[in-house]
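# Structural overview for review
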Amino acid sequence: MNELRSIVMRAENRWTDIGIPRVAMVRAEVCADQVYQPMLHLVLQGAKTLSIGDRLMKYEAATYFLVPVDVPATGQIRQGGPGRPYLAISLALDPQVIAGLLQGEEGGGGPSKASCFSGVAAPDEMLDAWLRMVRLIDRPVEAAVLAPMIEREILFRALQGPLGGTLRDMARPGGRLAQIRRAIQWIREHFTEAFRVEQVAAMAGMSVPAFYRHFKSATAMTPIQYQKRLRLLRARWLLLFEPRDAASAAFAVGYESASQFNREYARLFGLPPARDVARFKSPAERATAAAMV
């Protein structure tokens, strides 16, 4: 862990590309509110708290968690002490890579032994693989050959752990997560528009009750709650980076009532729009607010 941390300390205060496909690392002081894309996230130092739908998840150092689909979340981080910033590393999840590991697997594996988004203690074998992965930062010739092998090893360790069932679901082209991903993609592309759940359930090829059940299992939200989170996150970005007032931001993201927008914004971010944005007065503070952590 000490060597892992020392290498990741080279990261910036945002997700930093290290030149290896799908791998990024971060050294952070704050946690941004954002849409998390499918990934395996390993906390190395400090701790992280994420609010995902109706769940509040806490992740300590040496634990990892999975994000199986695009999920809007708000969060906070805690540093590991004076001079010990939050450190983490992530692997973007490619269903095809996971599927390659499952070829020839008999029985298809069982369900996950932990709920979606749960934090899981990283076994020593996974930490060792991560260490070998980040050592490749300064060895691009070796990285081209070894990084794909180590990626498969990290995923193999995760497949053996409590969240292995979730990874298996991600790799099945016709599985429930693939169906939910289709619906999520449509909602993300049309988040300013009103929609009926029956319409989106049909896109996913599910009955409405099954769609509700599987959507909430994957995102911890109903489809309408998911859309609302997308709208509020986008509105906050508009307020921070464009000269807009709260009402114009509300209408831009699809709200029909400015008062409803103000209530829901304050419920999510803790303050009404104007007071929330006032906390980030300088360009540096605004950039920090938008950092992808």
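Predicted model only: the values in this text are computed from it and were never measured.

### Brief notes about helix α2 (residues 95–102)
Those residues of α2 that sit buried are V97, I98 and L102. Down the axis, α2 shows its buried residues gathered within 145° of arc, on one side only. Those residues of α2 that are buried lie in contact with α4 (140–159) and α5 (164–171). Measuring from the side-chain oxygen of the N-cap residue of α2 to the backbone nitrogen of Q96 gives 2.9 Å; that N-cap residue is D94.

### Section: helix α6 (residues 176–189)
The terminal C-alpha atoms of α6 lie 20 Å apart, and with 14 residues this matches the ideal 20 Å at 1.5 Å per residue to within 8%. Within α6 the residues assigned to the buried category are L177, A178, Q179, I180, A183, I184, W186 and I187.

### Things to note about the pairing of strand β6 (residues 55–60)
Bridge analysis of strand β5 (residues 47–52) against β6 gives six bridges, and the strand direction is antiparallel. Its bridge partner lying in β6, T49 is registered against K58. The hairpin turn running from β5 into β6, its antiparallel successor, is two residues long, and G53 in that turn takes a positive phi close to 60°.

### Here's the deal with the environment of N13
Take N13: it is sitting in the loop between α1 (2–8) and β1 (16–17). Looking at N13, the relative accessible area reads 24%, which means it is partly exposed. When the C-alpha positions of N13 and E29 are compared, they lie 6.9 Å apart, and in sequence the two are 16 residues distant.

### Topic: the pairing of strand β2 (residues 23–28)
Across the six residues that make up β2, a large majority, five, are buried. Two strands pair when backbone bridges link them, and β1 and β2 are joined in this way by two bridges, in the antiparallel orientation. Paired with T16 across the bridge in β2 is M25. With antiparallel pairing between neighbouring strands as the criterion, β1 and β2 make up a hairpin whose turn holds five residues, including G19 at a positive phi of roughly 85°. When β2 meets strand β9 (residues 86–92), the two strands line up antiparallel, connected through six bridges. The residue of β9 that forms the bridge with M25 is I89.

### Points about the pattern of salt bridges
In a structure, side chains of opposite charge can pair up when their charged atoms sit close to one another. If you walk through the whole model with that rule in mind, you get 19 salt bridges. Of the charged contacts, one joins D138 and R10 as a salt bridge, the two residues approaching to 3.0 Å between their closest N and O atoms. With D138 in the loop between α3 (124–135) and α4 and R10 in the loop between α1 and β1, this residue pair connects regions lying 128 residues apart in the sequence. We note a salt bridge from R132 to E153, for which the minimum N-O separation is 2.8 Å. Of the two residues, R132 sits in helix α3 while E153 sits in helix α4, which places them 21 residues apart along the sequence. Overall, the relative accessible area of 26% leaves R132 in the partly exposed class. Via salt bridges that share partners, D128, R132, E153 and R157 belong to a single interconnected network.

### Thoughts on the nonpolar core
If you look at the biggest cluster of nonpolar residues, it comprises 101 residues, and the most contacted ones within it are L40, Y64, W130, I154 and F211. Examining the composition of this core, we find that eight residues originate from one element, helix α9 (residues 223–241), more than from any other.

### Notes on a nonpolar patch on the surface
A cluster of nonpolar side chains, V145, L146 and M149, forms an exposed patch at the surface whose accessible area comes to about 270 Å². Judged by its relative accessible area of 51%, V145 is exposed.

Reading the values: the criteria
Residues numbered from 1 in each chain as written. Predicted model: local features only at pLDDT ≥ 70, side-chain atom pairs only at ≥ 80, totals over all residues. Heavy atoms only, no water. Buried < 20%, exposed > 50% of the residue type's maximum accessible area, 1.4 Å probe, protein only. Helix = DSSP H or I, 4+ residues; strand = E, 2+ residues; numbered from the N terminus. Arc of directions from axis to C-beta. Contact = heavy atoms within 4.5 Å. Polar contact = N/O pair within 3.5 Å; in protein donor to acceptor, adjacent residues only side chain to side chain. Expected span 1.5 Å × (residues − 1). Pairing = 2+ DSSP bridges. Salt bridge = Lys/Arg side-chain N within 4 Å of Asp/Glu carboxyl O. Core = buried A, V, L, I, M, F, W, Y, C linked by side-chain atoms within 4.5 Å. Patch = residues over 30% accessible without salt bridge, like charges linked within 9 Å, V, L, I, M, F, W, Y side chains within 5 Å. Areas by Shrake-Rupley, 256 points an atom, 1.4 Å probe, with all protein chains shown as cover.

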